[in-house]
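Architecture at a glance
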Amino acid sequence: MSRYCFYIDGFNVYYALEGNPAYHKYKWLNYRKLAESVIGAKDTIEGIFYFTTIVRWHPDRVERHERYIKALRSVGVETVQGRFLKKEILCHKCHKRFKTHEEKQTDVNIALKVLSDAIDNLYDKVLIISADSDLLPVIKSVQHHAPEKEIGVMFPIERSSFELRQNAGFRRKMSEKLLQDCQFPDKVKIGDTIISRPDNWR
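Keep in mind the model is a prediction, meaning the values are calculated, not measured.

1. Describing the overall build of the protein chain
- For the protein chain, the count of helices and strands is seven helices and 10 strands.
- For the protein chain, the proportion of its 202 residues judged to be buried stands at 46%.
- Considering only contacts in the protein chain between residues 6 or more positions apart, those separated by 24 or more positions represent 70%.
- For the protein chain, the exposed area adds up to about 11000 Å²; of that, 49% sits on carbon and sulfur atoms.

2. Quick notes on the sheet that holds strand S2 (residues 44–52)
- Strand order in the open sheet made by the six strands is S3-S2-S1-S6-S7-S8, with parallel pairing throughout. Since the sheet does not close on itself, it has two edges, and those belong to strand S3 (78–81) and strand S8 (170–173), each with one partner. Across this sheet, the average inter-strand angle for adjacent strands is 20°, counted without regard to direction.
- On the sheet, helix H1 (residues 10–18) packs against strand S1 (3–9), S2 and strand S6 (125–129) and is oriented at approximately 60° with respect to S1.

3. Focus: the layout of surface pockets
- Looking at the largest pocket, its volume works out to about 400 Å³.
- Elements represented by at least two residues in the lining of the largest pocket include exactly H1, S2 and helix H3 (59–74).
- In terms of residue count, H1 provides more of the lining of the largest pocket than any other element does, seven residues in total.
- Grouping the amino acids of the lining of the largest pocket by side-chain chemistry returns 11 nonpolar, five polar and four charged.

4. A look at unusual backbone geometry
- For asparagine 121, which is not glycine, the phi dihedral falls at a positive 55°.
- Tracing the chain through its elements places asparagine 121 in the loop between helix H4 (106–119) and S6.
- For asparagine 121, a relative accessible area of 40% translates into the label partly exposed.
- With a phi close to 65°, glutamate 158 is a non-glycine residue in the positive phi region.
- Looking at the secondary structure, you find glutamate 158 in the loop between strand S7 (150–155) and helix H6 (162–167).
- The exposure class assigned to glutamate 158 is exposed, which follows from its relative accessible area of 61%.

5. What to know about the pairing of strand S10 (residues 193–196)
- Taken together, the four bridges between strand S9 (residues 187–190) and S10 define a ladder with antiparallel strand orientation. Within S10, the residue paired with lysine 187 across the bridge is serine 196.
- Where S9 folds back onto S10 in an antiparallel hairpin, the turn is made up of two residues, including glycine 191, whose phi is positive at roughly 65°.

6. Focus: the packing of aromatic side chains
- Taken as a whole and judged by the stated rule, the model has 13 aromatic pairs.
- For the ring pair tyrosine 31 and tyrosine 50, a centre distance of 6.0 Å and an interplane angle of 35° mean the geometry is tilted. With tyrosine 31 in helix H2 (residues 31–38) and tyrosine 50 in strand S2, this residue pair connects regions lying 19 residues apart in the sequence. Assigned by exposure class, tyrosine 31 and tyrosine 50 land together as buried.
- Here tyrosine 50 and tyrosine 68 contribute two aromatic rings whose centre-to-centre distance is 5.8 Å and whose plane-to-plane angle is 85°, an arrangement assigned as edge-to-face. Within this pair, whereas tyrosine 50 is found in strand S2, its partner tyrosine 68 is found in helix H3, the two being separated by 18 residues in sequence.

7. Describing H2
- Along H2, the positions that sit buried rather than exposed are Tyr31, Leu34, Ala35 and Val38. Along H2, the residues classed as buried sweep out an arc of 100° about the axis, all on the same side.
- Between the side-chain oxygen at the start of H2 and the backbone nitrogen of arginine 32 there is a gap of 3.0 Å, and the oxygen is on asparagine 30.

8. Digging into the environment of valine 13
- Among the structural elements, valine 13 can be located in helix H1.
- The spacing of valine 13 and lysine 27 is 14 residues in sequence and 8.7 Å in space, taken between C-alpha atoms.
- Valine 13 has contacts with Ile8, Tyr31, Ile129, Pro156 and Met174, leaving out every residue within four places of it along the chain.

The rules we used
- Residues numbered from 1 in each chain as written.
- Predicted model: local features only at pLDDT ≥ 70, side-chain atom pairs only at ≥ 80, totals over all residues.
- Heavy atoms only, no water.
- Helix = DSSP H or I, 4+ residues; strand = E, 2+ residues; numbered from the N terminus.
- Buried < 20%, exposed > 50% of the residue type's maximum accessible area, 1.4 Å probe, protein only.
- Contact = heavy atoms within 4.5 Å.
- Areas by Shrake-Rupley, 256 points an atom, 1.4 Å probe, with all protein chains shown as cover.
- Pairing = 2+ DSSP bridges.
- Axes fitted to C-alpha atoms, helices over the stretch in contact; angles between N-to-C directions.
- 1 Å grid on protein atoms, 1.4 Å probe; cavity = no way out; pocket = protein on both sides within 12 Å on 5 of 7 lines; lining within 4 Å.
- Points joined across faces, edges and corners; volume = space filled by probe spheres on them.
- Nonpolar A, V, L, I, M, F, W, Y, C, P; charged D, E, K, R; others polar.
- Phe/Tyr/Trp six-rings, centres within 6.5 Å; stacked < 30°, edge-to-face > 60°.
- Arc of directions from axis to C-beta.
- Polar contact = N/O pair within 3.5 Å; in protein donor to acceptor, adjacent residues only side chain to side chain.

Below is the structure:
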């Protein structure tokens, strides 16, 4: 029997689903159900942590994202939010400068949480759901300082990372079948409130 924690890079998964029209319908993903689907019958889940950032300058996206966060919280998934910073970039074709936004803190937040939870002995095994190779240092750090802990990875569908694949202790696959089986129902009842799947997530 092992105690598991799950650490989810929300945008890494979101953009994997967004990048293929066939996968848009899987954005209403229940990470509690996914976690329960990939552990053993005698294993326990000690925590599921969803790391994300709200796109505040797009009100329609904010509403959908906050609706999804409410659905996740209703099944005990804890949300950890980062932030966006404004950034100016130079177009190498037209040589004009444009303002954009860059997500910050997510990989750092995941790394700090994975490491601090290892120190607090919250888990025996970890599953990091991301293909961001910036998370390699925390995998190596936990393996060095707490070698009894097992660090695994699940790559978002159709994404991968050679560095994470080579260094993780184990891997789980995010298949389309897993995504199909781990969706919230179209309507999620939270107390007296009904949270509905966004229409463009169908």
